[in-house]
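Results of the structural survey
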Amino acid sequence: QVRLVESGGGLVQPGGSLRLSCTASGRIFSINVMGWYRQAPGKERELVAVITGGGSTNYADSVKSRFTISRDNGENSVYLQMNSLKPEDTAIYYCTMSYRDYFDRRPRESWGQGTQVTVSS
């Protein structure tokens with residue numbers, strides 16, 4: 001069983017920073033993409049950032065130049081450095097991963113439980 005666990009969320013003032021971490025556990029044959037989504041109250045879940053095994057990244061327009069996604073392939077971890085945070089960034093942030101299963105090599109997805117980020121004065 002492959003599980004994702006996020007950490008690093010919390011309460012921060014506007015303009016502050018947070019660093020989110022996500023680590024995958026379990027047997028994985030290969031990872032295709034890891035990324036972060038977020039969901040604010042009353043809003044649909046939206047893509048924040050993704051990163052491929054080769055290091056290619058994509059960001060939502062709303063977070064470009066403020067957030068940075070990175071990964072440690074050896075540890076099966078992905079991170080999201082969030083700077084210049086705004087109240088609009090308040091949401092539950094979810095880590096996600098697309099991968100091939102270790103046992104049958106079929107493509108699968110996994111989601112973390114989410115970590116709350118609150119940006120408020």
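The rules we used
Residues numbered from 1 in each chain as written. Predicted model: local features only at pLDDT ≥ 70, side-chain atom pairs only at ≥ 80, totals over all residues. Heavy atoms only, no water. Disulfide = S-S within 2.5 Å. Helix = DSSP H or I, 4+ residues; strand = E, 2+ residues; numbered from the N terminus. Buried < 20%, exposed > 50% of the residue type's maximum accessible area, 1.4 Å probe, protein only. Pairing = 2+ DSSP bridges. Axes fitted to C-alpha atoms, helices over the stretch in contact; angles between N-to-C directions. Contact = heavy atoms within 4.5 Å. Core = buried A, V, L, I, M, F, W, Y, C linked by side-chain atoms within 4.5 Å.

1. Topic: the state of the cysteines
Simply put, disulfide is the name for a covalent bond between the sulfur atoms of two cysteines. Evaluation of the coordinates by the stated rule reveals 1 disulfide. Bridging Cys-22 to Cys-95, the disulfide has an S-S length of 2.1 Å. Judged by the sign of its S-S torsion, about -80°, the bond between Cys-22 and Cys-95 is left-handed. Pair noted here: Cys-22 is in strand β3 (residues 18-25) and Cys-95 is in strand β9 (residues 91-101), with a separation of 73 residues, a long-range link. The burial state of Cys-22 is the same as that of Cys-95; both residues are buried.

2. So, the sheet that holds strand β7 (residues 67-72)
Taken in spatial order, the 4 strands make up an open sheet running β1-β3-β8-β7, and their pairing is antiparallel. The open sheet has two edge strands with one neighbour each: β1 (3-7) and β7. Neighbour to neighbour, the strand axes of the sheet diverge by 15° on average, direction disregarded. Where β1 and β3 come together, 5 bridges link them in antiparallel fashion. By the bridge assignment, Ser-7 is partnered in β3 with Ser-21.

3. What about the environment of Lys-86?
In this structure, Lys-86 sits in the loop between β8 (77-82) and β9. Ignoring anything within four residues of it in the chain, the contact list for Lys-86 reads Arg-66 and Val-119.

4. Re the nonpolar core
In terms of nonpolar packing, the biggest core is built from 28 residues, with Trp-36, Leu-80, Met-82 and Tyr-93 touching the most fellow members. Every element with two or more residues in this core is listed here: β3, β4 (28-39), β5 (46-52), β7, β8, β9 and β11 (115-119). The element that contributes the greatest number of residues to this core is β9, accounting for 5 residues. Excluding residues within four positions of it along the chain, Met-82 makes contact with Gly-16, Ser-17, Leu-18, Leu-20, Arg-66, Phe-67, Tyr-93 and Val-117.

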